[in-house]
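# Inside the fold
Residues per chain, in single letters:
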Amino acid sequence: MDTTGMSEEMLKLFKMMKMELEKRTTTITQNVTDTLMRSLEDKIQPIIEENRNLKIEVETLNRKIKHLENMNRKNNIIIHGVKETEKSYDDLFTTIKNTFKNINVNIEKFEINKSHRLGRKQDGKTRPILITFTSQQKRAEILKHKKQMPQQTYITEDFSKETIEVRKNLQLQLKEEKKRGNIAFIKNNKLIIKEKSEAEKRKRKSSMSPDNIQRKLSPQCNTEKITNTATSKMHKIDAFAYMKK
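Since the model is a prediction, treat every value here as computed from it, not as a measurement. Here the residue numbers are simple positions, counted from 1 along each chain's written sequence. Totals for whole chains, interfaces and linings use every residue, but because this is a predicted model, local features are given only for residues with pLDDT of at least 70 and side-chain atom pairs only at 80 or more, for both listing and counting. The side-chain figures draw on all heavy atoms in the structure; neither hydrogens nor water molecules are used.

Attention shifts here to the packing of aromatic side chains. Centre distance within 6.5 Å is the pairing criterion for rings of Phe, Tyr and Trp, where only the six-membered ring of Trp is used; planes under 30 degrees apart are then read as stacked, over 60 as edge-to-face, and the remainder as tilted. Going through the model one piece at a time under the given rule, you end up with 1 aromatic pair. Relative to Phe133, the ring of Phe100 has its centre 6.3 Å away and its plane inclined at 35°; by these criteria the two rings are tilted. Residue Phe100 is located in helix H2 (residues 89-101), and its partner Phe133 is located in strand E3 (residues 129-133); the two are separated by 33 residues in the primary sequence. Taken as a pair, Phe100 and Phe133 share a single burial class, namely buried. Placement of a charge over a ring requires the Lys NZ or Arg CZ to be within 6 Å of the ring centre, with the centre-to-atom vector within 35 degrees of the ring normal. Sitting over the face of the ring of Phe93, Lys109 holds its NZ or CZ atom 5.7 Å from the ring centroid. Numbering of helices and strands runs from the N terminus, with a helix taken as a DSSP run of H or I at least four residues long and a strand as a DSSP run of E at least two residues long. Burial classes: relative accessible area under 20% of the type maximum marks a residue as buried, over 50% as exposed, and values in between as partly exposed (1.4 Å probe, protein chains only).

This is the structure in structure tokens:
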């Protein structure tokens, strides 16, 4: 609007009206925006809630699937490195039976639910053998003797790819804990750690009991010699106190 020729008083009034109009426009715009956002949130909120519930259901189903998969694998083992010479199921059973005979374990046909080579047959490649036992006892017996397997052959448990990755990472942590002197092992895909007491750590450092050794300094090389006879002084006082002197 052209304000030329307006008096100073009219000009001030015009500016005040303009500011008021802008203020009201901003207020109206904000109110309309808030109303639209509330309406939009009311419509979106059920969708957000439904999506959250679906995610929870999917996670629950995934856990159940993993549990079922692990249950299906609990009676399985995999033999690696055994030459592939069989031409029938009976031949395969004979191969398996002879393999277990090498580790002093006898196996009968009724103790195996199913067995087969994994993957497609390829020249120059030995496929591993997957075996499903009818009982966990036989599987446990074989795993107990698996260290007796001949060279170039070995036995592993049947884990899913996800479990293999988890256990691979746990193995690294396991080594670190053992380096620290802790008792550690993997159970149910979890690392179990038991810290040794101070008494156990001292016992590990010493190959003989302090009550049964005598330490003397050799004047020639200034090194400690260990003998198996105890001095009368050691019998009279606390052995650890004696060693600290």
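It is worth spelling out the UniProt feature "coiled-coil region" (unreviewed entry) in the chain at this point. UniProt positions are given in the numbering used here, feature names are shortened, and annotations may be inferred rather than shown by experiment. Within the UniProt annotation, "coiled-coil region" (unreviewed entry) is assigned to residues 37-71. For the annotated span residues 37-71, helix accounts for 100% and strand for 0% of the residues, and the straight-line distance between the end C-alpha atoms is 50 Å.

Right, let's get into the sheet that holds strand E4 (residues 154-157). Strand pairing is defined by DSSP finding a minimum of two bridges between the two strands. Strand order in this open sheet of 4 strands is E2-E3-E1-E4, and the pairing throughout is antiparallel. Among the strands making up the open sheet, the edge pair consists of strand E2 (112-117) and E4. Pairs of neighbouring strands in the sheet enclose a mean axial angle of 20°, with direction left out of account. When E2 meets E3, the two strands line up antiparallel, connected through 5 bridges. Pairing of Ser115 across the sheet is with Ile131, part of E3. Axis geometry follows a simple rule: fit a line to the C-alpha atoms, using only the stretch in contact for helices, then measure angles between N-to-C directions, giving values from 0 to 180 degrees.

In this section: the pattern of salt bridges. By definition, a salt bridge exists where a carboxyl oxygen of Asp or Glu is found within 4 Å of a side-chain nitrogen of Lys or Arg. The full count for this structure, using the stated rule, is 13 salt bridges. Put simply, Asp158 and Arg73 hold a salt bridge, and the shortest N to O gap is 2.8 Å. On the criterion of sequence distance, the pair formed by Asp158 in the loop between E4 and helix H4 (161-179) and Arg73 in helix H1 (residues 8-73) is long-range, its members being 85 residues apart. Of the residues examined, Asp158 reaches a relative accessible area of 10% and is grouped as buried.

One non-glycine residue, Asn104, lies in positive phi territory at about 65°. On the secondary structure map, Asn104 appears in the loop between H2 and E2. A relative accessible area of 61% places Asn104 in the exposed class. At Gln152, a residue that is not glycine, the phi angle is positive and equals roughly 75°. With respect to the element layout, Gln152 can be found in the loop between helix H3 (136-144) and E4. What makes Gln152 exposed here is its relative accessible area of 70%.

Once that is clear, we can look at the confidence of the model for the chain. The pLDDT value expresses, per residue, how confident the predictor is, ranging between 0 and 100. In this model, the chain carries a mean pLDDT of 78, and residues with pLDDT of at least 70 account for 76%. Residue range residues 207-245 is modelled with pLDDT below 50. Its contacts to residues more than four positions away, or to other chains, number 42 contacts. Between two residues, a contact is recorded if the distance between any of their heavy atoms is within 4.5 Å.

Let's shift gears to H1. Multiplying 1.5 Å by the helix residue count minus one yields the expected span of that helix. The end-to-end C-alpha distance of H1 is 93 Å, a good match for the 98 Å that 66 residues give at a rise of 1.5 Å each. Note that bend, as reported per residue, equals the angle between axes fitted to the 7 residues terminating at that residue and the 7 residues originating from it. Of all the bends found along H1, the most pronounced is centred on Ile44 and spans about 30°, while Pro46, a proline, follows it within four residues.

As a further point, take the side chain of Thr99. Looking at where Thr99 falls in the secondary structure, it is placed in helix H2. By the criterion applied in these results, polar contacts are pairs of N or O atoms within 3.5 Å in which, for protein atoms, one can donate a hydrogen and the other can accept it, and in which residues neighboring in sequence qualify only through two side-chain atoms. Only 2.7 Å separates the side chain of Thr99 from the backbone oxygen of Thr95, close enough to count as a polar contact. Not counting residues within four places of it along the chain, the set of residues in contact with Thr99 comprises Ile79, Val82 and Met149.

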